[in-house]
4 protein chains.
Amino acid sequence: MLRFLTAGESHGPQLTAILEGMVAGLPLSEHDLLDDLARRQTGYGRGARMAIERDRARITAGVMNGLTTGGPVALILENRDWRNWREKDIPPFTVPRPGHADLTGAIKYGHRDLRLSLERASARETAARVAVGAVCRRLLAEFGVTVGSYVTMIGGVEASLPPDPTPDEYRRRFEAAEQSEVRCPDEAASAAMRERIRQAIQAKDTLGGVFEVVALGVPPGLGSYVHFDRKLDGRLMGALGSIHAIKGVEVGPAFASAARQGTEVHDPIMRDEAGSLSRPTNRAGGLEGGITTGSRSSCGQP
Amino acid sequence: MLRFLTAGESHGPQLTAILEGMVAGLPLSEHDLLDDLARRQTGYGRGARMAIERDRARITAGVMNGLTTGGPVALILENRDWRNWREKDIPPFTVPRPGHADLTGAIKYGHRDLRLSLERASARETAARVAVGAVCRRLLAEFGVTVGSYVTMIGGVEASLPPDPTPDEYRRRFEAAEQSEVRCPDEAASAAMRERIRQAIQAKDTLGGVFEVVALGVPPGLGSYVHFDRKLDGRLMGALGSIHAIKGVEVGPAFASAARQGTEVHDPIMRDEAGSLSRPTNRAGGLEGGITTGSRSSCGQP
Amino acid sequence: MLRFLTAGESHGPQLTAILEGMVAGLPLSEHDLLDDLARRQTGYGRGARMAIERDRARITAGVMNGLTTGGPVALILENRDWRNWREKDIPPFTVPRPGHADLTGAIKYGHRDLRLSLERASARETAARVAVGAVCRRLLAEFGVTVGSYVTMIGGVEASLPPDPTPDEYRRRFEAAEQSEVRCPDEAASAAMRERIRQAIQAKDTLGGVFEVVALGVPPGLGSYVHFDRKLDGRLMGALGSIHAIKGVEVGPAFASAARQGTEVHDPIMRDEAGSLSRPTNRAGGLEGGITTGSRSSCGQP
Amino acid sequence: MLRFLTAGESHGPQLTAILEGMVAGLPLSEHDLLDDLARRQTGYGRGARMAIERDRARITAGVMNGLTTGGPVALILENRDWRNWREKDIPPFTVPRPGHADLTGAIKYGHRDLRLSLERASARETAARVAVGAVCRRLLAEFGVTVGSYVTMIGGVEASLPPDPTPDEYRRRFEAAEQSEVRCPDEAASAAMRERIRQAIQAKDTLGGVFEVVALGVPPGLGSYVHFDRKLDGRLMGALGSIHAIKGVEVGPAFASAARQGTEVHDPIMRDEAGSLSRPTNRAGGLEGGITTGSRSSCGQP
């Protein structure tokens, strides 16, 4: 069983994460974490702070001679501009912003200076989770599992992507997303999204969006129907739903499927002459009865 | 901290649930559980078995003289038709149905007779969770919290419901849903949904749908942003996503909001002359930064 | 991961346990649980109620056709004399007994009638745990692991048992304990213990004691030093320490070893000519660094 | 609910701990942790490394302006001599020491170089737990709870301490222990213990011992009998039993009490004329039915 805790404020000295339960003998270096941390910092229209940070996670425990030891892995991400902030005399922050934890945090914890909430409620916390995720990605790689993602909509501008993608098409999307400033694999939509963001910035507004996460190479049999908290769909929805700004999650095209008939939605199980089973479609997002089917699992979140 | 386990197969002798962590001194009787169990069994077009069952939960632990003792609460739901099944000589079930745990369960656990999966993966398991939930509803009632729900779409037929409902309007919907065979508060849509279901049954097909769950009277301050697994939105999405057939969850109108601008989505915080804060809207589903705002929380799921 | 919950009051209708996380395909019947439940009910000088009960656990979930399904296992132990008690008009119990949860339970939960504490704090609850343990014993048997126990002291009367027992000697003790009314493998001590108990009963007093639990056939490598809550010694001490009336636990002869030198206590690792490792002694109770050594694990508790 | 994870190897760059679930508004500074960290490093006959270290924990998260924020608290303890070790070319360590995790760790994780086990299995890990405990001690102080400890036996040399100590006597012992190089409040025994240790060092041997931990000012009502894993005695035994080298734990004088009669062991509940209850003795270690009595709780461990 893997478990982890994260700690750290947005303008504190560092973010810290401990990942406990890792196997021994997995090759792991700080280099393995760079790509995921860098990806979190890219994006058209992101705040200036991103340029300052250039996150780098130090591994201070759980790895010796380039291999995991089986002990807890500690990850440290220094906040490079902390020293600048420490010197400053920052007046208390007292006007709560809607859509943030400013007001709810103040009510819950009795904070008068809202900075006590927003420093921890900041999206910067996800950097620690990204580092933890990058270690897990290294473990999944040993089993041939790849996880990728791309943006399908920003502020009403939707990407045009062919339906029923093959694993190769998914891989192409992952790569195309890496080339796009808005992480959208559709070039024309990318340009329109950038323009939409530019307008929103000018209007001092923000935009919502939708992205898709796809795991390729997932073996069948992960998760279970035997108890509600072992169902992998529920666990994935809970995990993704815990990310800042995410207010909805679907496994496969759930909301669209909800308007259809079972025969149009369920993925038929075909049996060929040799007796082996396959499914021509994957509308269930690779999960049936809370267990992976061995098809691609995919989730979308606004 | 409340925790619970459920056990039981669809055609076994009984379902069992244990709810641990309940307070002492809460008035609780088997009568309190009847309405919720009955609601699970209603619905136009449901299987014939529903008529046989008429679920009733016995409380066999944790309550003395009509009050909870602080000890674990045990709930037993007998399967009335178990004796009929026990006598029967049921041939192994070997053709996996798509959209169920038949195939994934067989792969995971090595079952040859698929009944070993489907007996537990059956939606009947939710009866135990409904009983547990009914106990929790009794606890919430002490704090003035009411949880209700209604159907907004079945098989493409959508209910027409006015936007921005008040608590009273929500209560009206809960009551109207109780009167509708398809649990939809819009009468015209109810009729159309029944017709849609009739057609699907005739075509030996099934239908998807969407429902909304709303908690009224929720105090501010539940949940937290301080750690990912304390965020109440993530926890609600995980819990709802663990229910059979649910593949997507949104908190507030998340997927619709994703196409809009922040100023159109975030709920402004208003301050009146006396200095007290209020919000004219609740598009965040009553949750900001993973903490309840004290506005209504609502989730929709397909 | 196995987890379980128990519920039930001493004079309520039944005890209930749910064991979640069991593997599929394990042969399991109600018959497998009888011996352990019967052992709990034997013992010279035990209350008259033991005779009434003759515990029998019904398995109402998680087993089909004699094999576990992978789903949660539910165990029901009816309290045979419940009906007798239900009719009675029992006056509130208001004088707290020392050494029980009567007073502490009343303080914690606000109970006025102390029966609300003592019904759950009763040692009868352990019957549910014994049933859960018997299922786990069935699983351990598949790996050749046997767990046995015997009494070494009652009320100051100590058994005389040769030091450094072999696995065969342990097995002999388990069997001899089954023949003794006080579960002591030393016949002479057994007689003296019975006499000691007879005196205590006459004096309306009670007695303390010490017993030893030994697991044979345990493979090396269970538990871990990597995190405090994975150390098997700590987990065993916590589990045994949660049993009613147990106030102390040692792994191996810990308190005696505490007065000695390391060279007299640590179990030397010998290497024979073929290079294979063995240990002539097992003073560590089969656990080093929180991990099983593959030697016998043993714990004693007063 | 408080939970924590620790990470770090004995000769790695640093130890790390994250404590999650802390309240907001608690005054906390790095200074508060110094005494407990220093105490861990004292002791006659301890290795030379202790002198190098002089542990100091940095708080890198969860505290702003001297008060906890409610967010996770991160604690960093640098290993001062890490740089020295990093340069060294250390040959693999291949001869397992009895009484350590060297062999069991190698078996479990497949390590060939035993350093991969011993670096994490090292007692140095407890420094991180001491830092976590010091934060918790700060929280307990707000409720008037004090936790102290002292040594009662080393290598067969026992302290002579009067029975039935009052809270003031306990406080005197805590203070006397601080003055003793072997943390024993009995001066004559202290001298004999030092001599015993000197002999053992000369003989290149080690010694066992027993210490007592006492919590003063504990309110009644902590822990519960309602479920086995809520019993505070079991939880304390599990927590203490997870510390390196601890193989036995008793709550109150359990092993001695085991040889006595109930009337000699249980703490009578007295009722004075005003109706208030008290207990003249505390042989139960302040815990009845898994719940604190409000008397002193004490545990001893070899």
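None of the values given here were measured: they were computed from a predicted structure.

Caption draft 1: Broad picture of helix H6 (residues 125–142) of chain B. The terminal C-alpha atoms of H6 of chain B, which comprises 18 residues, lie 27 Å apart, in line with the 26 Å expected from a rise of 1.5 Å per residue. Those residues of H6 of chain B not exposed but buried are Glu125, Thr126, Ala127, Ala128, Arg129, Ala131, Val132, Ala134, Val135, Arg138 and Leu139 of chain B.

Caption draft 2: Geometry of helix H8 (residues 187–202) of chain C. All names here are of chain C. With 16 residues, H8 extends 23 Å from end C-alpha to end C-alpha; this agrees with the ideal 22 Å at 1.5 Å per step. Taken residue by residue, H8 has Ala189, Ser190, Met193, Arg196, Ile197 and Ala200 as its buried positions. The buried residues of H8 occupy an angular sector of 125° when projected down its axis, which confines them to one face. Facing away from the buried surface of H8 by more than 90 degrees, the exposed residues are Glu187, Ala188 and Gln202. Packed against the buried residues of H8 are strand S8 (146–154) and strand S9 (157–158).

Caption draft 3: The arrangement of the interface of chain C and chain B in detail. Across the boundary between the two partners, chain C contributes 30 residues, which contact 30 residues of chain B. Of the roughly 2500 Å² buried where chain C meets chain B, counting both sides, 69% is carbon and sulfur surface. When residues of chain C are sorted by the area they lose upon contact with chain B, Leu5, Ile18 and Met64 of chain C head the list and together hold 24% of the total. Between chain C and chain B we count zero salt bridges in total.

Caption draft 4: Inspection of the nonpolar core at higher detail. Residues and elements named next belong to chain D. Ranked by size, the top nonpolar core spans 22 residues in total, and within it Leu19, Met22, Leu33, Leu75, Leu77 and Val135 carry the most contacts. At the level of elements, strand S2 (14–20), strand S4 (57–61), strand S7 (73–78) and helix H6 (125–142) are the ones that each hand at least two residues to this core. Element by element, the count of residues in this core is highest for H6, at seven residues.

Caption draft 5: Layout of the sheet that holds strand S4 (residues 57–61) of chain A. All names here are of chain A. With respect to topology, four strands assemble into an open sheet ordered S1-S2-S7-S4, the strand pairing being antiparallel. Looking along the sheet, the strands with just one partner apiece sit at the ends: strand S1 (3–7) and S4. Direction aside, neighbouring strands of the sheet carry axes that sit 20° apart on average. Taken together, the five bridges between S1 and strand S2 (residues 14–20) define a ladder with antiparallel strand orientation. In the strand pairing of S2, Thr6 is matched with Ala17. Sheet contacts for helix H6 (residues 125–141): S1, S2, S4 and strand S7 (73–78); angle to S2, the most-contacted strand, approximately 35°.

Caption draft 6: Quick peek at the side chain of Ser180 of chain B. You can see Ser180 of chain B is positioned in the loop between helix H7 (167–179) and helix H8 (187–202). On the basis of relative accessible area, Ser180 of chain B is assigned to the buried category, the value being 12%.

Caption draft 7: Up close: the packing of helix H1 (residues 31–41) of chain A against H6 of chain A. Residue and element names in this part refer to chain A. At their nearest, the axes of H1 and H6 sit 9 Å apart, and the two run at 140° to each other. For the element pair H1 / H6, the angle class is oblique. Both H1 and H6 take part in a crossing whose hand is right-handed. Contacts between H1 and H6 involve Asp32, Leu33, Asp36, Leu37, Arg39 and Arg40 from the first element and Thr126, Ala127, Val130, Ala131, Ala134, Val135, Arg137 and Arg138 from the second. Within the contact of H1 with H6, the residues separate by chemical class into seven nonpolar, one polar and six charged.

Caption draft 8: Focus on the relation of the copies chain B and chain A. Structural alignment of chain B on chain A gives an RMSD of 0.0 Å, achieved by rotating through 180° and translating 0.0 Å along the axis. Taken together, these values place the two copies in the relation of a two-fold axis. The position closest to the rotation axis in chain B is occupied by the C-alpha of Gly238 of chain B, lying 1.9 Å away. Most of the interface of chain B is mirrored in chain A, where 100% of its interface residues are also at the interface.

Caption draft 9: Examining the interface of chain B and chain A more closely. Facing the 78 residues of chain B at the interface are 78 residues of chain A. If you look at where chain B meets chain A, you find two salt bridges. Across the pair Lys247 of chain B and Asp233 of chain A runs a salt bridge whose closest N-O atoms are separated by 3.6 Å. At the surface where chain B touches chain A, the tally comes to 41 residue pairs in polar contact (both at pLDDT 80 or more). In terms of residue count, helix H4 (residues 102–109) of chain B provides more of the side of chain B that touches chain A than any other element does, six residues in total. In terms of residue class, the side of chain B that touches chain A is made up of 34 nonpolar, 30 polar and 14 charged.

Caption draft 10: Spatial organisation of the sheet that holds strand S2 (residues 14–20) of chain B. All names here are of chain B. Within the open sheet, the four strands sit side by side as S1-S2-S7-S4. Their pairing is antiparallel. Each edge of the open sheet carries a strand with a single partner, namely strand S1 (3–7) and strand S4 (57–61). Taken over all neighbouring pairs, the strand axes of this sheet differ in orientation by 20° on average, direction set aside.

Caption draft 11: Representation of the relation of the copies chain C and chain B in the model. After a rotation of 180° and a shift along the axis of 0.0 Å, chain C superposes on chain B with an RMSD of 0.0 Å. The share of interface residues of chain C whose copies in chain B are also at the interface is 100%, consistent with both copies meeting through the same surface.

Conventions adopted
- Residues numbered from 1 in each chain as written.
- Chains lettered and ligands numbered in written order.
- Predicted model: local features only at pLDDT ≥ 70, side-chain atom pairs only at ≥ 80, totals over all residues.
- Heavy atoms only, no water.
- Helix = DSSP H or I, 4+ residues; strand = E, 2+ residues; numbered from the N terminus.
- Expected span 1.5 Å × (residues − 1).
- Buried < 20%, exposed > 50% of the residue type's maximum accessible area, 1.4 Å probe, protein only.
- Arc of directions from axis to C-beta.
- Contact = heavy atoms within 4.5 Å.
- Buried area = accessible area lost by both parts, 1.4 Å probe.
- Salt bridge = Lys/Arg side-chain N within 4 Å of Asp/Glu carboxyl O.
- Core = buried A, V, L, I, M, F, W, Y, C linked by side-chain atoms within 4.5 Å.
- Pairing = 2+ DSSP bridges.
- Axes fitted to C-alpha atoms, helices over the stretch in contact; angles between N-to-C directions.
- Parallel < 35°, antiparallel > 145°, perpendicular 65-115°, else oblique.
- Left-handed = near helix turned anticlockwise from the far one by under 90°.
- Nonpolar A, V, L, I, M, F, W, Y, C, P; charged D, E, K, R; others polar.
- Least-squares fit on C-alpha atoms with pLDDT ≥ 70 in both.
- Polar contact = N/O pair within 3.5 Å; in protein donor to acceptor, adjacent residues only side chain to side chain.

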